[in-house]
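Close look at the chain arrangement
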Amino acid sequence: MHTHPAPSPKPLTSLFAKAALACLLAAAPAQACTSLLLTTADDGYVYGRTMEFGFELESKAVFVPRGYAMTAQGADGKPGKTWTSKYAVIGVNALDMAIVVDGMNEKGLTGGILYFPGYAEYTSGKDIDPAKAMAPWEFLSWALMNFATVDEVKAAIDQVQVVGATIPKMNMVPPFHYTLHDASGKSIVIEPTGGKLVVYDNPAGVMTNSPEFPWHLTNLRNYVKLNSENAPALKVKGATIESFGEGSGWLGIPGDPTPPSRFIRALAFSMSVTPTKDGIESVRLAEHIMNNFDIPYGSIRDDNGKPADYTQWTTIADITGKAYYVRTYNNSTLKAIAFSDFDLDAKKPQVAELPDDLTAPALFSK
């Protein structure tokens, strides 16, 4: 297992090489996902994330029962690792694939797949063990189906290898990394680096996209004065200089939609808000925070002037209450998915369309 509790510097040559690779991938579908973890007033936890992409992911809600058999896609399209789900899973898929790209299991282990362009380095060549191999989009499902805590995932990480498989409907090897949180509030980030899965403890509970997770933690040093309280007045040669208004403790916080800036804002919100009770109150609080990361269609454009990333859906997971919520771009009303809605020992998975109705219900009846 490769566990890294703290960031370490990278050689400049490595960073330049990866930056060049990122430029080569610029024409690929981009993703600007943001995820975070909130602590409730009852010492519970709520997870939120947005899913951004440049073309329709055709996502659906998914339930996977206990005892469901899976065979991963290995190298060169050959069968890879096999497993049978120990725990039931609810979540959201993409592109009609039999996996979840975001979800939660019945024990509260929760997490998602996020884009990692220019930095993902999967297992390749003679290092691949077919019995351990899986495609980048299958790792999250494997983790959620088999483990109750992040510590269990960390202990088992050497049982799998993520290989550079081409994703259906995209005609590319997708660069992914992964975030996981459990019912105790522990968080980890898993990134494919140098052909191996490297695990980082995540004290911030926040994750966005590139660069590598240690870089984001190092970047936090630029914001050590971040505070939910207003900054004190400045004294200059006997003069008192007051701020213009509320929120001066966040003065200088980045507002652009790049991954480093979103990471800082996500941490600022998650560490600053007043915790609320377990359940729907904390779910609604998380929803209000995630509103700040919503990207409207067309506000970000590619080099050809065409609309790029936009927020296709947002999920909120009540880890303590074992309930999962989702809303879409066209329908911002949260829809709930609960384990109590299903027979956890059912014989087959279930799939449902996500609500995407533009109509606003009338407030007054006729």
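Provided above is the structure to which this section pertains.
Definitions and cut-offs
Every chain is numbered independently, its residues counted from 1 as its sequence is written. Per-residue local features of the predicted model are confined to residues with pLDDT of at least 70, and side-chain atom pairs are confined, for both listing and counting, to 80 or more; whole-chain, interface and lining totals are unaffected and use all residues. Side-chain metrics rest on all non-hydrogen atoms present in the structure, leaving aside hydrogens and water. Residues belong to one nonpolar core when they are buried, are Ala, Val, Leu, Ile, Met, Phe, Trp, Tyr or Cys, and are joined through side-chain atoms within 4.5 Å. For each residue, the accessible area found with a 1.4 Å probe, counting protein chains only, is set against the maximum for its type, and the residue is called buried under 20%, exposed over 50%, and partly exposed in between. Secondary structure elements follow DSSP: runs of H or I no shorter than four residues count as helices, runs of E no shorter than two count as strands, and numbering proceeds from the N terminus. Should any heavy atoms of two residues lie within 4.5 Å, those residues are considered in contact. Only when DSSP finds a minimum of two bridges between them are two strands counted as paired. In this analysis an axis means a line fitted to C-alpha atoms, helices contributing only their contacting stretch, and an angle means the value between N-to-C directions, from 0 to 180 degrees. Pairing of aromatic rings covers Phe, Tyr and the six-membered ring of Trp, with a centre-to-centre limit of 6.5 Å; geometry is then stacked below 30 degrees between planes, edge-to-face above 60, and tilted otherwise. Here the expected length of a helix is defined as 1.5 Å per residue gap, with one fewer gap than residues.

A closer look at the nonpolar core
- Ranked by size, the top nonpolar core spans 96 residues in total, and within it Phe139, Trp142, Leu180 and Ile190 carry the most contacts.
- The dominant element in this core, judged by the number of residues it contributes, is helix 2 (residues 139-146), at 6 residues.
- Beyond its immediate chain neighbours, meaning those up to four positions away, Trp142 contacts Lys81, Trp83, Met134, Phe147, Ala156, Gln159 and Val160.

Quick word on the sheet that holds strand 19 (residues 335-338)
- Pairing is antiparallel across the open sheet formed by 5 strands, whose spatial order is 2-3-17-18-19. Pairing within the sheet leaves two strands with one partner each, and these edge strands are strand 2 (34-39) and strand 19. Each adjacent strand pair in this sheet contributes to an overall mean axis angle of 20°, direction not counted.
- Looking at chain direction, strand 3 (residues 45-53) and strand 17 (residues 310-318) are connected through 8 bridges and run antiparallel.

A look at the packing of aromatic side chains
- All chains considered together, the criterion is met by 14 aromatic pairs.
- Where Phe53 meets Phe55, the ring centres are 5.1 Å apart and the plane angle is 85°; that geometry is what we call edge-to-face.
- Classification of Phe53 as buried rests on a relative accessible area of 3%.
- Through a chain of ring-to-ring contacts, the aromatic side chains of Phe53, Phe55, Tyr115 and Phe176 assemble into a single cluster.

What about unusual backbone geometry?
- Residue Pro211 is reached from Ser210 by a cis peptide bond, and omega for that bond is 5°.
- Mapped onto the elements of the fold, Pro211 is located in the loop between strand 14 (196-201) and helix 4 (213-219).
- We note that Lys322 has phi near 55°; this positive angle belongs to a residue other than glycine.

Digging into helix 5 (residues 259-272)
- For helix 5, which comprises 14 residues, the first-to-last C-alpha distance of 20 Å matches the rise-based estimate of 20 Å (1.5 Å per residue) to within 8%.
- The element helix 5 is extensively covered by neighbouring structure, given that 12 of its 14 residues are classed as buried.
- Buried residues along helix 5 sit against strand 2, helix 4 and helix 6 (280-290).

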